[in-house]
Amino acid sequence: MTADTEPSRGKAVARAVLQPIFDVLAGLIVSGLILAVIGVDPLAASKSLVHGAFGYPEAIGYTLYYATTYMFAGLSVWLALRAGLFNIGGEGQIYLGGLGAGLVCVALDGMPGIVVVPVACLAAITFGAAWAFIPAFLLAKRGSSLVVTTIMFNFLAAAVMTWLLTAVMIKPGQAAPETAEFSASSWMPSFTSLASALGISIANSPVNLSLILALLAVAGGQFLVGRTVAGYHLRVVGGNPDAAAYAGIDAGWVAIFALCLAGACAGLAGVNEVMGVHHRLILDFPNGAGFVGIAVGLMAGRNGWGVIPGALLFAALAQGSVDLMIDNPRINPELVVMVQGLVIFFAGALRGQLTLPKLRAAR
Amino acid sequence: MIAGIETEILVITASILRLATPLILAAIGGLFAERAGVADLGLEGKMLAAAFTAASISAVTGSAITGLAAAIIVATLLSMLHFIATVWKQGDQIVSGMAINILAAGLVPTLAYALFPLGGQTPPLTDDGRLLDLSLPFSHWASSTGFIGQFYASVLGGQSILIYVAFLAAPAATAVLYRTGWGLRLRAAGENPQAVASAGLDVVRLRLQGLIMNGVFLGLAGGYLSLAANAGYSRNMTAGKGYLAIAALILGRWKPWPTLGACLLFAAADALQGRLQGIVFPALGVIPVPWITALPYIVTVIVLAIAGRGQSMPKALGLPYVKA
């Protein structure tokens, strides 16, 4: 409602770092209480979680692989939030981004990786952005509720992919709804294979060069929002739509720009999944990552670098909970979704307008 | 005997009424929150939690009414969570609504696995644990008298009591919102809370009351899904209905009767979707199932594109109320 007052820089930095930590801790403590209620010892569970996520080299590799997808998804939500927009459509944008990458891998199968991989990444960016463009355009031109249209586009993405994988792109003579495996030249090189090429042996895990791409994307996103004119316009529209209108900034185009950028980032998460891990198109490979991105993006607050610790936290939960489930049959994968909800509540809703731009336009 | 086309009309009409019921109950619930100025995207999560609660409590106690009451309590508690975050703490209404959806999407399966060893479902309910369909008087006789009689027996009658509640909710909401002093004050809290406060009224209390009404209706919506439309809770059984209800509220311009109409439109798309599967069309052949299941979602997007935002959105919707 009012412009932020300017506290001393040290105080501001301390608050920017400490506040999300407190918020996330609150979410984790409530999650622990719920675990206790259903008869699981929260302390033992945390121990097993941390061991499952970081306790041995393969686990670390898997955690970093999840973190790659969550960084893209979180960056996507964060970029839109900076413009005062709530991108719930990450799930569908990841799905379509993966489709773009997969189509290129199928079409250019057998060509050298130096050609296939960059073209596939561009296709993922284009498909993800295009899937975000339609809800963005409807918001800008018609004022259509972004949350509802992006949710509908998630359902539509699932329908399109189900149709493509069951009827069109399915490998002939096979029952499972998936494409044939891409030839190895179009895979995103994994750290394991890169290390063995250099004669070093590291634990086998799916973490791949997409991780570097994700870190570069976070740096690029932070630079764009913080240091460029386009990013400035984006922040003004997000922080104070009235001032933006007074300054002659076209909020509609800023919304379209921000959401296409968000869709492009989400699309790259599809690269990590399709070209880095599965090496084929399969059903439901986003697996909820778009919604993890909401928690990660909200945790980051004003600072894009905050996407990295947020992604690591949820990656550790995703990977660590696998061990937890083996130890404890009462626990199922949705436990992690519950933690996401609580973190969104404490780090997003309750942090409120102190750190978030108003989302009225995004409704 | 009546002809095939007439039977088809009866079947489709009855199925539209049944599919519209959870949408109407959820949308009217959303109406009470949003007319008070609190944006509520958490309809989906509340409905899911209510459906699970109704089925679990009914399975344990054997009483559908107890299950329905518990569903209302749980949905209202989630509305109170929304109240704490958005009205009391003036947090972001959109984010809080999404937090409730995601929390419910995680918490419900977690509890389902912990309470019942059925892979995330509740035990199937017997007839005592369900809200059974009401039979109107003379139905048996009427159904032998031709089309009108069959319409009376199998469309107007033979439905769950919650269907009647849903269709009475629109006139009731109209009466309450437009014909009572409380309704006027509630709408004013959503249009101009500062003016309401300067008239000596308590905006926070009005929004609290709006959110309690909201919880009651979402409890009924969830209870309908697991106690009447189905015999128990199954995974993710709301399947986007909460978001469709929001779209209906927007298309209905935040007014009860047009919102009811919008719910019927979405329900018709859904009923049509069910009937189109497997039908061979001239020239087109069989339309792939994924395209048909996508129909309600496509209709929603087109409707939102046509409806836009309009001028009828409550003026203070989405804005936290800060005491002057």
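Only a predicted model underlies this, so the values are computations on that prediction, with no experimental measurement involved.

1. Concerning the overall build of chain A
Stage number 1. When helices and strands are counted, chain A shows 14 helices and zero strands.
Stage number 2. Traced from its N-terminal end to its C-terminal end, chain A shows the element sequence α-α-α-α-α-α-α-α-α-α-α-α-α-α.
Stage number 3. A compact globule built from 363 residues would reach a C-alpha radius of gyration of about 21 Å, and chain A, at 21 Å, matches this within 12%.
Stage number 4. In terms of overall dimensions, chain A has a C-alpha envelope of 60 × 50 × 40 Å along the principal axes.
Stage number 5. Looking at chain A as a whole, 55% of its 363 residues are labelled buried.
Stage number 6. Carbon and sulfur atoms make up 69% of the accessible area of chain A, which totals about 14,700 Å².
Stage number 7. Taken as two groups, the 17 positive and 16 negative side-chain charges of chain A have centres that lie 14 Å from each other.

2. Quick word on the confidence of the model for chain A
Stage number 1. On average, residues of chain A carry a pLDDT of 89, and 94% of them reach 70 or more.
Stage number 2. Scored below 50 in pLDDT, residues 352-363 of chain A makes 57 contacts in the model with residues more than four places away or belonging to other chains.

3. A word on helix α13 (residues 307-327) of chain A
Stage number 1. An ideal rise of 1.5 Å per residue puts 30 Å on 21 residues; α13 of chain A measures up with 30 Å between its terminal C-alpha atoms.
Stage number 2. Roughly 30° is the biggest bend found in α13 of chain A, and it falls at S321 of chain A.

4. Some remarks on the environment of L281 of chain A
Residue and element names in this part refer to chain A.
Stage number 1. In this fold, L281 is placed in the loop between α11 (251-278) and α12 (289-300).
Stage number 2. Classification of L281 by relative accessible area gives buried; the value is 0%.
Stage number 3. It is 33 Å that separates the C-alpha atoms of L281 and A140, two residues lying 141 residues apart in sequence.
Stage number 4. With residues near it in sequence (within four places) discarded, L281 still touches G98, L99, G102, M161, L165, M169, P177, E178, T179, F182 and V274.

5. Here we look at the interface of chain A and chain B
Stage number 1. With 46 residues of chain A at the interface, the matching set in chain B holds 56 residues.
Stage number 2. Summed over both sides, the interface of chain A with chain B buries roughly 4,300 Å², with 76% coming from carbon and sulfur.
Stage number 3. Between chain A and chain B we count one salt bridge in total.
Stage number 4. Of the charged contacts in the structure, one is a salt bridge between R235 of chain B and E334 of chain A, with a shortest N-O distance of 2.3 Å.
Stage number 5. At the boundary of chain A and chain B, one finds five residue pairs in polar contact (both at pLDDT 80 or more).
Stage number 6. Those elements that place two or more of their residues in the side of chain A that touches chain B are α5 (113-142), α6 (146-168), α12 and α14 (334-349) of chain A.
Stage number 7. Residues belonging to the side of chain A that touches chain B are distributed by class as follows: 30 nonpolar, eleven polar and five charged.

The rules behind these values
- Residue numbering note: each chain is counted from 1, following its sequence as written.
- Naming scheme: in the order in which they are written, chains are lettered from A and ligands are numbered from 1.
- Given that the model is predicted, a residue must reach a pLDDT of at least 70 before its local features are reported, and side-chain atom pairs must reach 80 or more before they are shown or counted; all residues, however, enter totals for whole chains, interfaces and linings.
- Remark: hydrogens and water are excluded; side-chain values derive from all non-hydrogen atoms of the structure.
- We count a stretch as a helix when DSSP gives it H or I for four or more residues in a row; a strand needs E for two or more, and each element gets its number in order from the N terminus.
- The globule rule used here is 2.2 Å times the number of residues to the 0.38 power, and the radius of gyration it is set against is calculated over C-alpha atoms.
- Using a 1.4 Å probe on the protein chains alone, a residue whose accessible area is under 20% of its type maximum counts as buried, one over 50% counts as exposed, and one in between counts as partly exposed.
- Residue-level accessible areas treat just the shown protein chains as cover; the underlying method is Shrake-Rupley with a 1.4 Å probe.
- Think of it this way: Lys and Arg go in the positive column, Asp and Glu in the negative one, and His and the chain ends go nowhere.
- To locate a charge, the coordinates of NZ of Lys, CZ of Arg, CG of Asp or CD of Glu are taken.
- Every residue carries a pLDDT, the predictor's confidence in it, which falls somewhere between 0 and 100.
- Contacts: residue pairs with any heavy atoms within 4.5 Å of one another.
- Expected helix span is given by 1.5 Å per residue-to-residue step, counting one fewer step than there are residues.
- We define the bend at any residue as the angle between the axes fitted to the seven residues before and including it, ending there, and the seven starting there.
- When two components associate, each loses some accessible surface as probed by a 1.4 Å sphere; the sum of these losses over both components is called the buried area.
- When a carboxyl oxygen of Asp or Glu is within 4 Å of a side-chain nitrogen of Lys or Arg, the pair counts as a salt bridge.
- Each polar contact in these results corresponds to two N or O atoms within 3.5 Å; when the atoms are within protein, one needs to be able to donate a hydrogen and the other to accept it, and residues that are neighboring in sequence are counted only if both atoms are side-chain atoms.
- Gly falls in the polar group here, along with every residue not listed as nonpolar (Ala, Val, Leu, Ile, Met, Phe, Trp, Tyr, Cys, Pro) or charged (Asp, Glu, Lys, Arg).

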